[in-house]
Amino acid sequence: MAASCVTVEHCKSWEKSGKQEFIRYCNGVGDKTVLASLGSHDFRQAVYDVCLHVVRGNLKQEQAIHAFADLKENYPDFVSLVLDVLGLLDVELNCVDEVKGARDRYYSLVQTFALSFECEALSKSRLDHDTLENAGLVPNKTVFTQKHVKIKTRLYYKQQKFNLLREESEGYSKLVTELNQEITEKLTPEVVLQNIKSLIGCFNLDPNRVIDILLESFENRPELEDFYVPLIQSYVKDNITLCHCLGFKFQFFKDDETPMSLFKLAALLMKNELVQLDTLYPHLYPPDSTILEHSKKEMNDAKQYARKLMVVNLSDKANEDKKKDEDTIKIDPHKNNQKLGLVEALLNIGAWEKSKSILDRLPEFFGTTYKPVAAALCALIHTVMDPVYRKNSGMSTKIVAKWVKPGKLGSEVQLATTFKEVYTLVYPMVTYLGPYAACDPVLLAKLIRLGKFYMNKRNHGVLSVEDNIMYFGLLSILDEVVIPSLSFLTCNCCISEELWTLVKLFPYELRYRMYGNWKNEMYNIHPSLIKVKADCLEKAKYIMKRLSKENVKQSGRQLGKLSHSNPGVLFEYVIRQIEKYDNLIGPVVDSLKYLTNLSYDILVFCVIEAVGNPEKEKMKIDETSLSTWLQSLANFAGSICKKYQVDLAGMMQYVTNQLKAGKSIDLLLMREIVQKMSGIEISEEITMDQLEAMSGGELLRQEGGYFTQVRNTKKSSNRLKDTVLEHDLALALCLLISQHRDAVIYKEGSARHLKHFGKLYDQCQDTLVQFGSFLSMQLSTEEFVKKLPPIEKMVSEFHVPPDAAFFLSRPLYSYDVNTKFDELRKAEKGDKDKKVSSTTKTQKYIEASEIVMEPVVENIRPLQTPKIWEDLSPTFYVTFWSLSMYDIHVPTSAYEKQVQQLQAQAQSAEENKDMNQSKRKKEKERCNQLIEKLKDEEKKQTEHVQRVMARLKNQKEAWFVSKSTKNETITQFLQLCVFPRSCFTASDAIYCAEFIHILHSLKTPNFSTLICYDRIFCDISYTVTSCTENEAHRYGRFLCAALDTVMRWHGNKQCYDKECGAYPGFVTVFRKGENSNSKADQLDFENYRHVCHKWHFRMTKSMVACIESGKYIQIRNALIVLTKILPHYPRIIQFGSPLERRIDRLKQEEKDKRPDLFALAMGYSGQLKSRKGTWVNDIEFHLRDKEKKAGAAASGASSTSQGSSSGPSGDNSGPKGDNASSGKEKTKMVNGEKSGVTKEKEQKKVKSEKGEKTVEKSRSEEKLKTASSTEAKKSASDIDRKDGSGNASSSKEKKERLSSEKEKSRSSEEKPEKSKEDKAARKQEKADKSREDKGQSSTPYIKEEKVDKSERIKEEKKEKVKERKEDKSGKDGHARTKDGKEEIKSKEEKIKSKLERAKEEAKEKRDKESRKEEKHERIKLKRSFSPEESTRDSHRDDRDWEAGSATSNSSSHRSHFHTPEASPRHDERDLKRRKTEPSASSSKEDTSVTSKSRHRRSLSPEKEEKRERKEKKRLKKEARAALNDTETSQNNSLQEEDHYSDHDVGASSSKKRRSLEPSSSRSSSKLNGDSEDRGRSKDDSYDRHHDGSRAGSSRKDLRDGEHERSRSKDREKKKDKDRSKRPKKS
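In this text the structure is predicted, and so the values were computed from the model without any measurement.

K.L.:
Looking at this structure, I do not really get the overall build of the protein chain. What am I missing?
P.N.:
In terms of regular secondary structure, the protein chain is built from 78 helices and zero strands. The buried share of the protein chain, reckoned over its 1626 residues, is 52%. Sequence separation of at least 24 residues holds for 79% of the intrachain contacts in the protein chain that already meet a minimum separation of 6. Of the roughly 77300 Å² of accessible surface on the protein chain, 50% is carried by carbon and sulfur atoms.

Here you go:
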């Protein structure tokens, strides 16, 4: 049928088929019992449809009644069902719109059905009173209703039973007797229940009161659970009634203490499912809202307590507050808490699930904070885990047999027998305990031992798959329960040590996570732990305030007690104190000796956490140096790691992770750890003795190479090595540090100061060297080989710089060579069965090195471009980088010093009477053993160095290929080898200097020692500027070592001739062909001294440029380098004095600006002044033979007719050559060709051949006589101290010759020039003079391939000078002197006449100049300069006049023009004016002369005569000043830099700077690569200015100068007019 069981169609065909289908359908879906049928929805629906159709009129009542009658036979309770359906229809008809006649048909159906089935009584109880009345079943509704109420009242509300005991005492007394009788086997619950029912019926007892008495009887005898539980189950059918009775009991004890027996009764009833928790829970006191409120209040009180302890209150109110807190009555929420009592009772009977349900309704850990609950839970856990603990405790069977087995409770709960059951049964209970498991230390010990046994099995891989699940539960238990429980176990070091045996089995990542959770989270969750933390901090403060070196032991014990329970809190506070006060590091480290192993591990974690704290800034406010707290913390960490057995893996991995993240600041932590644990200290303050010891063997390095004794760090070094190897951090750290070193400026951010990046770079470099040295010392070579990849892989794949890659691989190469050497030696010895000779050993060593290094050479080749290998061979490159100081130098002095120290120690031990005999004997034996070991080590190193030197000698031919020039070869050598390695370590810096000396000593082909040193010393400003602070220290050591060699050769001619005279490194001309270098090709000793002078000058220039740059890095590095090279520089007064003045000025400028620079300057200044006594004059540093110069100048004048040029060497010496080959020979200078100025002067010489000869001849005679006169004045002048020739002529003759010579030179210069020949002669004289000056101080040019024509001319000059010297010392010397006297007299007469004419012309000139000066003064008044600028202008005018005037002496000119105190602002304006107005200086010179002359006209005749005498004296000094022009120009060029310091910062600003060198220095600077066209016009003007100041000017020059000055004045007037139109400045 359809959704409706009976349809309209069925009604229409009811008689035919509808009735049968209805009955058949009901029989199909119905059941024989009414309950089942009533439960059938389809059956009820079918009956409902039939009734509904009757009401609607679709079916007749009779038809329905007949159908119902048929169904009643099969379903006895069918009538009740139909009445229910009729009641439902009644309700529906009231709710919906009635169909017409439906209500009447309904009433008729009800009446008919009731009468037909005789169910009137049932209808009255089911149907509505109105329906009954309308259906006719009830005559009157009102009467029926009253009667119904009376019956209900009588049935339900009228008491018929006795509730109170006094109401029916007999019945209740019999009931109590029945329930409390002795229970035997015959007395069953069924018998007792029957008796109870009899008593109830007999005495009309209240059944609910009977239940109450039954519960009380059970409460008093809970052990009879097996009897009472069935009895109650049989008596009480409704559990709700029983629950209400029990709840009424709990309500009775709401305000009083609830008896424990009631809790036990409720627990037993809940356990047996007689009472439901949901029903009983509302009856328990207090309500949950009150408990939650108390829990929040407890947390707030704990926080308030902690805040009070943190605040220091000095007032009396603090004590008052404490008293108030004590007086206030605190309500304990756990007291009389029925819910917690019920939980305790449930746990006591083993009902964990029921108690868990109650605990879940309470705040977290609220239940376990109540000690009885926690104890009951611990007892339950003991019982549950007993079987598995007995099997897996790790204890002996005898001990296990003595343990008490669990009692009755063990039979009522499920016990854990496997690790999986531990995870499912035990750990959930333990989790609810939390940190309050500390109430049962035994349980903690059991959990720890069980976990330890499990972890050991797991690590050995003997666990089943099912048991592996316990691992994660164990982690949770440790994290949440076991470790936090230590906070409540004060002074219990046993549990701490027991816990460490388990925790150490986990990796440090998991351990640190547990410590972090304990320290940072647990102390904030639990109120009790908050208070414990506050108390611990208060005690820690008390101890730390009183900690000192004197009470370390007592304070250490107190700290140890605190650390057993709350190590994280304690160490956090201690670390904060250490960060603030670094003087606490020593006492704190000593006081931590009472800690447990767990405390040490947590201490390391706290250090890492403090270092990695992102809220702390690791740089100071200026962002140029590391914070002091980080340095203190790193020092503390290193001390802890060295002194105590701590796990280092966490710290090392932290540094590795920071490097991976691009942060290198934390390398300081690793550096301190390695330094403290291994004793390897990287410091730039290392002494030379230590550096010397570092080049020895391992024992010598340990004894004398470090500040600390390495032998005391053996155990700590092994621990560090084991940690690094265990976690595979050795290679990772080396590669990361090497990569990050060069990338530090890119990864650390570019917004910081450059000093910051320098610090980080140095830190990476030092840590790399330190860690690499540690690995090479501690790791065996086999281990090192396994860890280290090949060098080509490191450079190409890991991007490690070559210097770092070779540093790491160097021990490997040494080991491989020695191993191969031993194999070859043993094979040789085995073949011949005799001792191998030293020569054979050397040969075998060479073979071994070639075998081992050949693959390395081939692998290195692709790492550089082929262009580089054209200059250097890969073999040389690998040889240079693979060797160390140990291989090339034997520190004999260091060995001897250590032997002497050990002998002294042995002697002092022998004489020490305080030591007992055994100790003295041991100490003496130790010293003697070390002495023997040192001697053996020295012997082995000596043999090794000899073999290495033989290897180098064997390879030297293939080192430098001749495909490129020597200059390019040296450039590649310095760039790829020397400079990178000299800045790597201090030992490498010494190695580079020593290796250069070895290259020289081996007479290496195609290697020029002179070029190499020249490139090193000539311009060090670039290298100094690009160094970091530590690199500057190393570079300074390298320069000092190189200067040591250079100055050793400089100071001893025999040493120079022995070590350099016949060596190819000092060849100045390189020839092609078979002819070997002749003696003339070598640089002689005096020229070498000139070269050294030039190097000192260039170093001074570079240092001055750096110091005056104003930039922090340049100034700092310059001071560091100067301090390092102080033993050898400065040596010359003329260079040291300007440097000292600049240092003094730097001190004044930086005193309040940059304190670190001020400190460096102060330190260097003090050391510099202490060495001033060792300075020598310029002339003592390099001797100059003036007779040679004069002869060379004369021969040069005679040879100019052939178009030749003077040689570049200091004494004009050069090799001879044929004229025929001059066109074919080609000369190359080191870094450039001849300058344009020299070429111009050579062209002028060719034009005036005849005049040149005459002037040159006169000048040579003058210089010869001047040389003889200066010899007599040796004691009066420092400049001429060593230039005398020892003539025996009288002082009178010398004076006459000197005066005639000066007058002669002055008259020849002032003579009017009318003819072209005179002009040419005058120009040639100046050219010769400048060329001669160049020859005095210029560096000898090193030439290649072929000899030019000029070399032969220089050789001829040299021969002529030698001949003149011989003639002078010959027999006819006296005759030459006579002829010279006659010539001098004639020249004196000519000079006198010219002086008179000059006076007349000077008077006329003064008159002119006075008139011009008046005009100039009037113009000056119109200018609108400030007073300061006017003063500077006048000062500049005076200095310019003194610089250009022909009447001022050369010394005064230099002292005024180059004063270092000149204002930078004035210098800048002066330089700009010189660039824009070439004639401005001459104009001002004119005005200044005029003003002076006008002043002189007002003088008296006596003063005028005195002035003329002074003028004559000045003219006499001219000749002497001209001879010494070269030295004074070089010395004063440094003073020029004072004037131009704002414009000449360094070589990088070459286009803007004014050349500071004299012409000789500029020509010699070609050796250093100076450009020949740099500032040509400036140099020319500079030369003209100096020539004029030295030699004066002719009359025509004066006239030309007047015209030039007049033109410049006109320009000045125009400018003044323009200025006057502008608004005046204030």
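Resuming the write-up.
K.L.:
Got a minute to help me understand the packing of aromatic side chains in this structure?
P.N.:
In this description, an aromatic ring pair is defined by two values, namely the gap between the centres and the angle between the planes. Summed over the entire model, instances satisfying the criterion amount to 56 aromatic pairs. Each ring, one from Phe227 and one from Tyr228, has its centre 5.2 Å from the other, and the planes form 80°; the classification is edge-to-face. We note that Phe227, like Tyr228, is buried. Among the aromatic residues, those joined into a cluster by ring pairs are Phe806, Trp869, Phe876, Tyr877, Phe880, Trp881, Trp959, Phe960, Phe973, Tyr991, Phe995 and Phe1007. The positively charged end of Arg981 is found above the aromatic ring belonging to Phe880, 5.7 Å away from the centroid. Of note, Lys1003 hangs over the ring of Tyr1063, and the distance from its end group to the ring centre comes to 4.8 Å.

K.L.:
I tried to follow the nonpolar core on my own but got confused; where do I start?
P.N.:
Buried together is how nonpolar side chains tend to be arranged in soluble globular proteins. Judged by nonpolar contacts, the single largest core of 316 residues is most densely connected at Phe636 and Phe973. Contacts of Phe973, omitting those with residues within four sequence positions, involve Leu872, Phe876, Phe880, Val978, Ile996, Leu999, Phe1007 and Cys1012. Val6, Ile23, Cys26 and Ala46 belong to the second largest nonpolar core, which has 48 residues in total.

K.L.:
Honestly, the side chain of Glu1140 in this entry has me stumped. Any pointers?
P.N.:
On the secondary structure map, Glu1140 appears in helix α60 (residues 1133-1150). Take Glu1140: its relative accessible area is 10%, and that puts it in the buried class. Setting aside chain neighbours within four positions, we find Glu1140 in contact with Leu1168, Lys1169, Lys1172 and Trp1175.

K.L.:
What is the right way to look at helix α16 (residues 260-271) in this model?
P.N.:
Because the α-helix completes a turn every 3.6 residues, residues three or four places apart line up on one side. Given a rise of 1.5 Å per residue, twelve residues ought to cover 16 Å, and the 16 Å separating the end C-alpha atoms of α16 matches this to within 8%. Turning to α16, its buried residues are Leu262, Phe263, Leu265, Ala266, Ala267, Leu268, Leu269 and Met270. The elements touched by buried residues of α16 are α13 (207-220), α14 (225-235), α15 (239-252), α17 (277-280), α20 (338-348) and α21 (352-361). Positive backbone phi, at 65°, marks Glu273, one or two positions downstream of α16.

K.L.:
Would you mind going over the side chain of Asp988 with me for this structure?
P.N.:
Checked against the element boundaries, Asp988 lands in helix α53 (residues 986-1001). Looking at Asp988, its side chain comes within polar contact range of the side chain of Arg981, at 3.1 Å. A distance of 2.9 Å separates polar atoms of two side chains, one belonging to Asp988 and the other to Thr985. Excluding residues within four positions of it along the chain, Asp988 makes contact with Arg810, Arg981 and Ser982.

K.L.:
What is the right way to read the pattern of salt bridges from this model?
P.N.:
Think of it this way: side chains of opposite charge can pair up when their charged atoms draw near. With the rule as written, the count across this model stands at 47 salt bridges. Note that Lys897 and Asp689 form a salt bridge whose closest N and O atoms lie 2.9 Å from each other. Pair noted here: Lys897 is in helix α50 (residues 892-911) and Asp689 is in helix α38 (residues 688-694), with a separation of 208 residues, a long-range link. With a relative accessible area of 35%, Lys897 lands in the partly exposed category.

K.L.:
I tried to follow the environment of Ile990 on my own but got confused; where do I start?
P.N.:
Looking at the element boundaries, Ile990 is found in helix α53. Sequence separation between Ile990 and Glu692 is 298 residues; the distance between their C-alpha atoms is 9.3 Å. Those residues within four positions of Ile990 in sequence are excluded, and the remaining contacts are Met688, Leu691, Met885, Arg1037 and Ala1041.

K.L.:
How should the packing of helix α48 (residues 874-882) against helix α51 (residues 917-955) be read in this particular structure?
P.N.:
Geometrically, a packed helix pair is captured by the angle between its two axes and the distance between the axes. At a closest axis distance of 11 Å, the pairing of α48 and α51 adopts a crossing angle of 160°. Judged by the inter-axis angle, α48 sits roughly antiparallel to α51. Pair α48 / α51 crosses with left-handed handedness. On the side of α48, the interface is formed by Thr875, Thr879 and Ser882, while α51 contributes Arg951, Leu952 and Gln955. Among the residues making up the contact of α48 with α51, the classes are represented as one nonpolar, four polar and one charged.

K.L.:
Looking at this structure, how should I read a nonpolar patch on the surface?
P.N.:
A cluster of nonpolar residues, Ile151, Leu155 and Tyr156, forms a patch on the protein surface that exposes about 350 Å² of accessible area. Taking relative accessible area as the criterion, Ile151 reaches 34% and is therefore assigned partly exposed.

K.L.:
Just to check I follow, could you spell out the environment of Gly247 for this structure?
P.N.:
For Gly247, the position within the fold is in helix α15. In sequence terms Gly247 and Leu280 are 33 residues apart; their C-alpha atoms lie 6.1 Å from each other. In this structure Gly247 touches Leu280 and His283, once residues within four positions along its chain are discounted.

K.L.:
Where do I start with unusual backbone geometry in this structure?
P.N.:
Among all residues save glycine, negative phi is the norm, and among peptide bonds the norm is trans. Of note, the amide linkage connecting Tyr285 to Pro286 takes the cis form, showing an omega dihedral of 0°. In this structure, the amide linkage connecting Tyr1129 to the following residue, Pro1130, adopts the cis form with an omega of 0°. Mapped onto the fold, Pro1130 is located in the loop between α59 (1112-1124) and α60. In the Ramachandran plot, Asn336 falls in the positive-phi region, its phi being about 55° despite a non-glycine side chain. Inspection of the secondary structure assignment puts Asn336 in the loop between α19 (317-327) and α20. Under the relative-accessibility criterion, Asn336 is labelled partly exposed at 24%. Not every positive phi belongs to a glycine, and Asn1006 is a case in point at roughly 60°. Within the fold, Asn1006 resides in the loop between α53 and α54 (1009-1017).

K.L.:
Whenever I open this one, the confidence of the model for the protein chain confuses me. Can you help?
P.N.:
Do not read the fine detail of predicted coordinates wherever pLDDT is low. With 70% of its residues at a pLDDT of 70 or more, the protein chain has an overall mean of 75. A low-confidence stretch, residues 1298-1319 stays under pLDDT 50, and its non-local contacts, those more than four residues away or across chains, total 52 contacts. Per-residue pLDDT stays below 50 along residues 1526-1598; that stretch engages in 203 contacts with residues further than four places along the chain or on separate chains.

K.L.:
What is the right way to look at the state of the cysteines in this model?
P.N.:
Put plainly, two cysteines are in a disulfide when a covalent bond ties their sulfur atoms together. With the rule as written, the count across this model stands at zero disulfides. With no disulfide of its own, Cys1027 lies 4.3 Å from the sulfur of Cys983, the closest cysteine sulfur.

K.L.:
What is the right way to look at the environment of Val99 in this model?
P.N.:
By the secondary structure assignment, Val99 is in the loop between α6 (78-95) and α7 (102-117). Its relative accessible area of 47% is what places Val99 among the partly exposed residues. The sequence separation of Val99 and Val55 amounts to 44 residues, and the corresponding C-alpha distance is 8.8 Å.

K.L.:
Quick question: what am I supposed to make of helix α46 (residues 838-860) here?
P.N.:
For α46, which comprises 23 residues, the first-to-last C-alpha distance of 32 Å matches the rise-based estimate of 33 Å (1.5 Å per residue) to within 8%. The largest bend in α46 amounts to roughly 35° and is located at Met853, with the proline Pro855 lying one to four residues further along. Where α46 is concerned, the buried positions are Lys844, Tyr845, Ile846, Ala848, Ser849, Val852, Met853, Val856, Val857 and Ile860.

K.L.:
What am I meant to see in the packing of helix α58 (residues 1085-1107) against α59 here?
P.N.:
Remark: α58 packs on α59, axes separated minimally by 8 Å, with the N-to-C direction vectors making an angle of 140°. Taken together, α58 and α59 sit at an angle that is classed as oblique. Contacts between α58 and α59 involve Met1103, Ala1105, Cys1106 and Ile1107 from the former and Gln1114, Ile1115, Ala1118 and Leu1122 from the latter. Tallied by class, the residues present in the contact of α58 with α59 amount to seven nonpolar, one polar and no charged.

K.L.:
What's the story with a positive patch on the surface in this structure? I'm lost.
P.N.:
The grouping of Lys553, Arg557, Lys561 and Lys593 at the surface amounts to a positive patch. The topology assignment puts Lys593 in the loop between α33 (585-591) and α34 (597-611).

The rules behind these values
Residues numbered from 1 in each chain as written. Predicted model: local features only at pLDDT ≥ 70, side-chain atom pairs only at ≥ 80, totals over all residues. Heavy atoms only, no water. Helix = DSSP H or I, 4+ residues; strand = E, 2+ residues; numbered from the N terminus. Buried < 20%, exposed > 50% of the residue type's maximum accessible area, 1.4 Å probe, protein only. Contact = heavy atoms within 4.5 Å. Areas by Shrake-Rupley, 256 points an atom, 1.4 Å probe, with all protein chains shown as cover. Phe/Tyr/Trp six-rings, centres within 6.5 Å; stacked < 30°, edge-to-face > 60°. Lys NZ or Arg CZ within 6 Å of the ring centre and 35° of its normal. Core = buried A, V, L, I, M, F, W, Y, C linked by side-chain atoms within 4.5 Å. Expected span 1.5 Å × (residues − 1). Polar contact = N/O pair within 3.5 Å; in protein donor to acceptor, adjacent residues only side chain to side chain. Salt bridge = Lys/Arg side-chain N within 4 Å of Asp/Glu carboxyl O. Axes fitted to C-alpha atoms, helices over the stretch in contact; angles between N-to-C directions. Parallel < 35°, antiparallel > 145°, perpendicular 65-115°, else oblique. Left-handed = near helix turned anticlockwise from the far one by under 90°. Nonpolar A, V, L, I, M, F, W, Y, C, P; charged D, E, K, R; others polar. Patch = residues over 30% accessible without salt bridge, like charges linked within 9 Å, V, L, I, M, F, W, Y side chains within 5 Å. pLDDT = per-residue confidence, 0-100. Disulfide = S-S within 2.5 Å. Bend = angle between axes of the 7 residues up to and from the residue. Lys, Arg positive; Asp, Glu negative; His and termini not counted. Charge placed at Lys NZ, Arg CZ, Asp CG, Glu CD.

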